[in-house]
Amino acid sequence: MKINEQCRCGSSLESKYISHLIDFGSSVLVIRNVPALVCSRCGYKLFDDVVAENLEKMEIDFKKRNDLIEVTNYKEVA
Ligand SMILES: [Zn+2]
């Protein structure tokens, strides 16, 4: 992962593990321990291409299961 990338607000991005929440309206998927670049000033989150791809896969799997809420750990799945 690249460090010290610049956010669009001009502040620098920090490499962190975050909880990523995806709200589908009727259901919610929470993925914990997702590696991301986070802006300390505006809160903007940026994911690595590989991470973004994995999140997308997890999103599709979640929709298939038709669960209302799920809390999952990124490290265990990806
Ligand atoms: Zn920012």
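Some remarks on the overall build of the protein chain
Along the protein chain, the regular secondary structure elements total two helices and four strands. Order of helices (α) and strands (β) in the protein chain, N terminus to C terminus: β-β-β-α-β-α. The principal-axis extents of the C-alpha atoms in the protein chain amount to approximately 40 × 25 × 15 Å. Counting only residues that meet the buried cut, the protein chain has 13% of its 78 residues in that class. Counted over contacts in the protein chain with a minimum sequence separation of 6, partners at least 24 positions apart contribute 54%.

As for the pairing of strand β1 (residues 13-23)
As defined by bridge partners, β1 adjoins strand β2 (residues 28-39) across 10 bridges and the pair is classed as antiparallel. If you follow Leu13 over to β2, its bridge partner there is Cys39. Linking β1 back to β2 in an antiparallel pair, the connection comprises four residues, with Gly25 at a positive phi of about 95°.

Considerations on the nonpolar core
Within the largest apolar cluster, 10 residues are counted, these being Leu13, Leu29, Ile31, Val34, Ala36, Leu37, Leu55, Met58, Phe62 and Tyr74. Of all the elements in the fold, those that place two or more residues in this core are β2 and α1 (49-65). Among the elements that take part in this core, β2 stands out by supplying five residues, more than any other. The residues contacting Val34, other than those within four sequence positions of it, are Tyr17, Ile18, His20, Val51, Leu55 and Tyr74.

A word on α1
The end-to-end C-alpha separation of α1 is 25 Å, in line with the 24 Å expected for 17 residues at 1.5 Å each. The complete set of buried residues in α1 reads Leu55, Met58 and Phe62. When α1 is viewed along its axis, its buried side chains cluster within an angular range of 65° and face the same direction. More than 90 degrees from the buried face of α1, the exposed residues found are Asp49, Val50, Glu53, Glu56, Lys57, Ile60 and Lys64. Of the residues trailing α1, Asn66 is marked for its positive phi of about 60°.

Things to note about the environment of Phe24
Mapped onto the fold, Phe24 is located in the loop between β1 and β2. In the structure, Phe24 is positioned 44 residues away from Leu68 in sequence and 9.4 Å away in space, judged by C-alpha atoms.

Cut-offs applied
Residues numbered from 1 in each chain as written. Predicted model: local features only at pLDDT ≥ 70, side-chain atom pairs only at ≥ 80, totals over all residues. Helix = DSSP H or I, 4+ residues; strand = E, 2+ residues; numbered from the N terminus. Buried ≥ 20, exposed ≤ 12 C-beta atoms within 10 Å, placed from the backbone. Contact = placed C-beta atoms within 7 Å. Pairing = 2+ DSSP bridges. Core = buried A, V, L, I, M, F, W, Y, C linked by C-beta atoms within 7 Å. Expected span 1.5 Å × (residues − 1). Arc of directions from axis to C-beta.

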